[in-house]
Amino acid sequence: MKFFIDTANLDEIREAYELGVLDGVTTNPSLMAKEGVTGKDNIFKHYRAICEIVDDNVSAEVVATTFDEIIAEGEELAEIHEKIVVKVPMIRDGVKAIKYLSQKGIRTNCTLVFSAGQAILAAKAGASYVSPFMGRLDDIGSDGLDLIEQIMQIYRNYGFATEVLAASVRHVMHLIRCAEIGADVVTCPLNVITGLLKHPLTDSGLEKFLSDYRKGNPEYKEAL
Ligand code: E4P
């Protein structure tokens, strides 16, 4: 299972990367705006900075919505760095653009996917990743996890190469349930990744081990 971090914040990306478990980054126009990154030059510079931190898989989203404009923007984004994956929305022209870009060897991530039908189209078009948004489905009373499971089954039935990238992951249980059903990738905020570390029995157990050690070794100072 790959872990992507869903942010455009360079410090958070660095922190997740330094933990040694990060496989990529997903961004979107809202996340870029949250970091105050505006204007094409700054946006491209920011993507380059992200690519310099991680090993691969940096999703950069197009803002164009017509076929010609999506492929032109997608090609430009792909030229920024070999680690870029072009993120394209699940719209009619987006599907056509995914087909075109994937035939040119440009990796794509089909975003804003909310149904199995959309996921089938993304795979047929040759998307490298499909991003079903589980949190946003949960928000409206639909089961995001059911959709991930359904897509996994469909892709297995036909041996589609598209990887299922569970997106809009809001909490640790989302991530764990995705792992149980075998999602290829999960993208989530830093607090979900670091949330995996936590258990009160780990904290109390370590405290006890260290205090017992300290008794026999009064010079010992732990780094924590
Ligand atoms: C996916 O790539 C999106 O950037 C993201 O997961 C959306 O998450 P949100 O619903 O928390 O905005």
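Residues numbered from 1 in each chain as written. Predicted model: local features only at pLDDT ≥ 70, side-chain atom pairs only at ≥ 80, totals over all residues.

Going by the annotation in an unreviewed UniProt entry, the name recorded for the protein chain is Probable transaldolase, with Catalinimonas alkaloidigena given as the source organism. Under the UniProt heading Function (unreviewed entry), the note attached to the protein chain is "Transaldolase is important for the balance of metabolites in the pentose-phosphate pathway." On record in UniProt, under Pathway (unreviewed entry), the comment for the protein chain is "Carbohydrate degradation; pentose phosphate pathway; D-glyceraldehyde 3-phosphate and beta-D-fructose 6-phosphate from D-ribose 5-phosphate and D-xylulose 5-phosphate (non-oxidative stage): step 2/3." (UniProt positions renumbered as here; feature names shortened; annotations may be inferred.)

(A) Spatial organisation of the overall build of the protein chain. A count of helices and strands for the protein chain gives 11 helices and eight strands. By its C-alpha atoms, the protein chain is 70 × 40 × 30 Å across when sized along the principal axes. (Helix = DSSP H or I, 4+ residues; strand = E, 2+ residues; numbered from the N terminus.)

(B) Here's a closer look at the nonpolar core. Ranked by internal contacts, the top residues of the largest apolar core, which has 51 residues, are Val 86, Ile 98, Cys 110, Ala 122, Val 130 and Ala 166. What Ala 122 contacts, discounting residues up to four positions off in sequence, is Met 90, Ile 98, Cys 110, Val 113, Ala 127, Val 130 and Thr 162. (Core = buried A, V, L, I, M, F, W, Y, C linked by C-beta atoms within 7 Å. Buried ≥ 20, exposed ≤ 12 C-beta atoms within 10 Å, placed from the backbone. Contact = placed C-beta atoms within 7 Å.)

(C) Examining the sheet that holds strand 1 (residues 2–6) more closely. Overall, parallel pairing links the eight strands, which are arranged 1-2-3-4-5-6-7-8 in a closed barrel. Adjacent strand axes in the sheet meet at a mean angle of 30° when their direction is disregarded. Looking at chain direction, strand 7 (residues 163–166) and strand 8 (residues 185–188) are connected through two bridges and run parallel. Residue pairing for strand 8: Ala 166 is matched across the bridge by Val 186. Packing of helix 8 (residues 144–158) onto the sheet brings it into contact with strand 6 (129–132) and strand 7, and relative to strand 7 it is tilted by some 175°. (Pairing = 2+ DSSP bridges. Axes fitted to C-alpha atoms, helices over the stretch in contact; angles between N-to-C directions.)

(D) The confidence of the model for the protein chain, seen in detail. In the predicted model, the protein chain carries a mean pLDDT of 97, and 99% of its residues have values of at least 70. Across the whole predicted complex the pTM is 0.95, and at the interface the ipTM reaches 0.97. (pLDDT = per-residue confidence, 0-100.)

(E) Expanded view of unusual backbone geometry. At Asn 57, a residue that is not glycine, the phi angle is positive and equals roughly 60°. Inspection of the secondary structure assignment puts Asn 57 in the loop between helix 3 (40–53) and strand 3 (58–61).

(F) Main features of helix 6 (residues 116–125). Along helix 6, the residues that are buried comprise Ala 119, Ala 122, Ala 123 and Ala 125. One side of helix 6 carries all its buried residues, which in axial view fall inside an arc of 165°. The inward-facing, buried residues of helix 6 contact helix 5 (92–103), strand 5 (108–113), strand 6 and helix 8. (Arc of directions from axis to C-beta.)

(G) Spatial organisation of the pairing of strand 5. Burial within strand 5 is extensive, with five of its six residues counted as buried. Where strand 4 (residues 84–89) and strand 5 come together, four bridges link them in parallel fashion. Residue pairing for strand 5: Pro 89 is matched across the bridge by Thr 111. This β-α-β element, strand 4 to helix 5 to strand 5, shows right-handed connectivity. Of the strand pairs in this sheet, strand 5 and strand 6 are connected by three bridges, and their pairing is parallel. Residue pairing for strand 6: Asn 109 is matched across the bridge by Tyr 129. Each parallel crossover has a hand, and for strand 5 linked through helix 6 to strand 6 it is right-handed. (Right-handed = clockwise from strand over helix to strand, strands pointing away.)

(H) Representation of the UniProt feature "active site" (unreviewed entry) in the protein chain. The UniProt entry lists Lys 87 under the feature "active site" (unreviewed entry), expressed in the numbering used here. Mapped onto the elements of the fold, Lys 87 is located in strand 4. When neighbours within four sequence positions are excluded, Lys 87 is seen to be in contact with Ser 59, Ala 60, Glu 61, Val 62, Asn 109 and Thr 111.

(I) Representation of the packing of helix 1 (residues 10–18) against helix 3 in the model. Where helix 1 contacts helix 3, the axes come no closer than 10 Å and their chain directions differ by 15°. By the angle class used here, helix 1 and helix 3 are roughly parallel. Note on packing geometry: the crossing formed by helix 1 with helix 3 is right-handed. Of the residues in helix 3, those touching helix 1 at Leu 10, Ile 13, Arg 14 and Tyr 17 are Ala 49, Ile 50 and Ile 53. Class assignment for the residues of the contact of helix 1 with helix 3 results in six nonpolar, no polar and one charged. (Parallel < 35°, antiparallel > 145°, perpendicular 65-115°, else oblique. Left-handed = near helix turned anticlockwise from the far one by under 90°. Nonpolar A, V, L, I, M, F, W, Y, C, P; charged D, E, K, R; others polar.)

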